[in-house]
Amino acid sequence: MSCTIIVGGFFGDEGKGKVVAHVAYADKPVIISRGGVGPNAGHTVQVGDHEYSVRMVPSGFVYKKAKLCIGSGVLVDPRVLAHEIETLGVKGRIFVDKRCGVITEDHIARDKGSDHLAKKIGSTGSGCGPANSDRVMRIAPQAKDVPELAEYLLDVPKAIDDALKKGKTVLLEGTQGFGISLYYGTYPFVTSKDTSASQIAADNGVGPTKIDDVIVVFKAYPTRVGEGPFNTEMSFAKSDAMGIQEFGTVTHRKRRIGGWDGGMAQYSAMINGCTQAAITGIDHVDKSCFGVTEYGKLTKKAKAFLKQAEEDIGSPITLISTGPDITQIIDIRDELL
Ligand code: IMP
Ligand code: MG
């Protein structure tokens, strides 16, 4: 039996979706359940010629044998969910906890119409902030109150507990990143909930004693969308010259790019209770590492970067992503742990 949490170590968009998909194929979980805020998240998973973007469905959906769940802590937008269920063909294996908060058109209008949220903070306009605020006020609808969600309802914590008791593997995927945690991020330029591993466990109703591993995903060159401090940010002229250009999955805004932040990685690993780390975008450190699948084939420059990053994080780097496709990854978990 094992229960692993995968979370973002910087400001989101670290490539969690891809790491979750790889780990799912490798570890064969019976349940992949997501925590995190809601449809403000955007995960990209590339499998061969297909690039999928998901905002509600867990990014591990590409592994077809797992039941897909959305934990109680997550906000569900029934319209976004219906669209993804339809386009991804996951009907029959997707479930929503009956207690999830529900995003209404009014929440979206309030998010987009608020100068504070939309302009000052740079929110995604997906209604999450106002919906979480209504949830705290205890006036937001829950999944069990919404007829369109009736067919998907499940007691997610119970389903996870049953699987773990049978000795099965469960993956809990986080969304967003450590730097935009409501508690630990760059307040007020943060999202509307904590994003650390403990929160992801709570979102899914899994007690801390049941968690075996916390994989924190860091990007070699971190990015940030929206406003707020970013210590290692570089100019677009510099990042463009390095060939790094990224756009948000949800809002299509150009992402701000920065260099490796060792201090932030250390603090993030500490609060997340990191047991192992994944590094994505190593091909931006050295282009000749693109698509490499064996550690031994990485260049000296890439290995030196990983050594420093591992010292900062304080836990072994066991997964190294070398490109966007789910096969472009080095997995040395068996050798190191
Ligand atoms: P909100 O979560 O839509 O309220 O937006 C608050 C801040 O968090 C904004 O700077 C967003 O760009 C950022 N944010 C929210 N979700 C994500 C995510 O999944 N990845 C990256 N940034 C995010
Ligand atoms: Mg994203």
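Let me begin by describing the structure that accompanies this report. Nothing here was measured: the structure is a model prediction, and the numbers come from that model. (Residues numbered from 1 in each chain as written. Chains lettered and ligands numbered in written order. Predicted model: local features only at pLDDT ≥ 70, side-chain atom pairs only at ≥ 80, totals over all residues. Heavy atoms only, no water.)

Observations concerning the overall build of the protein chain
1) Next: Per the secondary structure count, the protein chain includes 12 helices and 16 strands.
2) Next: Expressed as lengths along the three principal axes of its C-alpha atoms, the size of the protein chain is roughly 55 × 50 × 40 Å.
3) Next: In the protein chain, which comprises 337 residues, the proportion classed as buried is 58%.
4) Next: When contacts within the protein chain are restricted to residue pairs at least 6 apart in sequence, long-range pairs at least 24 apart make up 75% of them.
5) Next: Of the accessible surface of the protein chain, which amounts to about 14100 Å², a share of 54% is contributed by carbon and sulfur atoms. (Helix = DSSP H or I, 4+ residues; strand = E, 2+ residues; numbered from the N terminus. Buried < 20%, exposed > 50% of the residue type's maximum accessible area, 1.4 Å probe, protein only. Contact = heavy atoms within 4.5 Å. Areas by Shrake-Rupley, 256 points an atom, 1.4 Å probe, with all protein chains shown as cover.)

Side note on the nonpolar core
Across soluble globular proteins, nonpolar side chains show a tendency to be buried alongside one another.
1) Next: Counting 53 residues, the largest nonpolar core has Ile-5, Leu-172, Phe-218, Trp-260, Ile-279, Phe-305 and Ile-313 as the members making the most contacts within it.
2) Next: Setting aside residues up to four positions removed in sequence, Ile-279 forms contacts with Phe-218, Ala-220, Trp-260, Phe-305, Leu-306, Ala-309, Ile-313, Ile-317, Leu-319, Ile-320 and Ser-321.
3) Next: Ranked by size, the runner-up nonpolar core spans 39 residues in total, among them Met-56, Val-57, Val-80 and Ile-85. (Core = buried A, V, L, I, M, F, W, Y, C linked by side-chain atoms within 4.5 Å.)

Some words on the packing of aromatic side chains
1) Next: Under the defined criterion, the tally for this structure stands at 10 aromatic pairs.
2) Next: When the centroid spacing of 5.2 Å and the interplanar angle of 85° are considered together, the rings of Tyr-52 and Phe-61 count as edge-to-face.
3) Next: When the ring of Phe-178 is compared with that of Tyr-267, the centres are 6.4 Å apart and the planes differ by 65°; the resulting orientation is edge-to-face. Of this pair, Phe-178 sits in the loop between strand 10 (169–173) and helix 7 (197–203) while Tyr-267 sits in helix 9 (residues 262–272), placing them 89 residues apart in sequence.
4) Next: Ring pairing ties together the aromatic residues Phe-10, Phe-218, Trp-260 and Phe-305, which thus form one cluster.
5) Next: Residue placement shows Lys-67 over the ring face of Phe-95; its charged tip is 5.3 Å from the ring centre. (Phe/Tyr/Trp six-rings, centres within 6.5 Å; stacked < 30°, edge-to-face > 60°. Lys NZ or Arg CZ within 6 Å of the ring centre and 35° of its normal.)

Details of the sheet that holds strand 15 (residues 317–321)
1) Next: Sheet architecture is open: 10 strands sit in the order 9-7-5-2-10-1-11-14-15-16, paired in mixed fashion. What marks the edges here is a single partner per strand, and that holds for strand 9 (153–154) and strand 16 (329–331).
2) Next: The sheet contact formed by strand 1 (residues 2–8) and strand 11 (residues 213–219) spans five bridges and is parallel. Across the sheet, residue Val-7 finds its bridge partner in strand 11, namely Val-216. (Pairing = 2+ DSSP bridges.)

Topic: the coordination of the magnesium ion (ligand 2)
1) Next: Bound to the magnesium ion (ligand 2) on the protein side are Asp-13 (OD) and Gly-42 (O), at distances that span 1.9 to 2.1 Å. With a gap of 29 residues between them, Asp-13 in the loop between strand 1 and helix 1 (16–27) and Gly-42 in the loop between strand 2 (31–34) and strand 3 (43–47) connect regions that are remote in the sequence. (Donors = N, O, S within 2.8 Å, 3.2 Å for Na, K, Ca; no water.)

Quick word on unusual backbone geometry
Excluding glycine, residues mostly have negative phi values, and the peptide bonds linking residues are mostly trans.
1) Next: Cis geometry marks the peptide bond from Tyr-187 to Pro-188; its omega dihedral reads 5°.
2) Next: By the element assignment, Pro-188 lies in the loop between strand 10 and helix 7.
3) Next: Residue Gln-176 is not a glycine yet carries a positive backbone phi of 60°.
4) Next: On the secondary structure map, Gln-176 appears in the loop between strand 10 and helix 7.
5) Next: In this structure Gln-176 comes out as buried when scored by relative accessible area, which is 8%.
6) Next: Backbone geometry places His-252, a non-glycine residue, at a positive phi of 60°.

Overview of a nonpolar patch on the surface
1) Next: A surface patch of nonpolar side chains, amounting to about 470 Å² of accessible area, comprises Leu-182, Tyr-183, Tyr-184 and Tyr-187.
2) Next: Along the chain, Tyr-184 falls in the loop between strand 10 and helix 7.
3) Next: Tyr-184 gets classed as partly exposed once you look at its relative accessible area, which sits at 39%. (Patch = residues over 30% accessible without salt bridge, like charges linked within 9 Å, V, L, I, M, F, W, Y side chains within 5 Å. Salt bridge = Lys/Arg side-chain N within 4 Å of Asp/Glu carboxyl O.)

With respect to helix 3 (residues 105–113)
1) Next: Among the residues of helix 3, His-107, Ile-108 and Asp-111 are the ones counted as buried. Within helix 3, the buried residues cover an arc of 100° as seen down the axis, which keeps them to one side. Seen from the buried face of helix 3, the exposed residues on the opposite side, beyond 90 degrees, are Glu-105 and Gly-113. (Arc of directions from axis to C-beta.)

Quick notes on the pattern of salt bridges
1) Next: Throughout the structure, instances matching the rule amount to 23 salt bridges.
2) Next: Asp-13 is the salt-bridge partner of Arg-255, the closest N and O atoms lying 3.3 Å from each other. Placement of Arg-255 in the loop between helix 8 (236–241) and strand 13 (256–257) and of Asp-13 in the loop between strand 1 and helix 1 is noted, with a sequence separation of 242 residues between them.
3) Next: The exposure class assigned to Arg-255 is buried, which follows from its relative accessible area of 9%.
4) Next: The partner of Glu-294 in a salt bridge is Lys-297, and the shortest N-O contact between them spans 3.4 Å.
5) Next: By relative accessible area, Lys-297 is classed as exposed at 55%.
6) Next: Connected via shared salt-bridge partners are Asp-13, Lys-219, Glu-246 and Arg-255.

Notes on the side chain of Asp-286
1) Next: Within the secondary structure, Asp-286 is located in the loop between helix 10 (282–285) and helix 11 (300–313).
2) Next: One buried charged residue, Asp-286, forms no salt bridge at all, with the nearest opposite charge on Lys-301 at 5.5 Å.
3) Next: A distance of 2.7 Å separates the side chain of Asp-286 from the side chain of Thr-299, its partner in a polar contact.
4) Next: Discounting residues that sit within four places of it in the chain, Asp-286 has contacts with Thr-299 and Lys-301. (Lys, Arg positive; Asp, Glu negative; His and termini not counted. Polar contact = N/O pair within 3.5 Å; in protein donor to acceptor, adjacent residues only side chain to side chain.)

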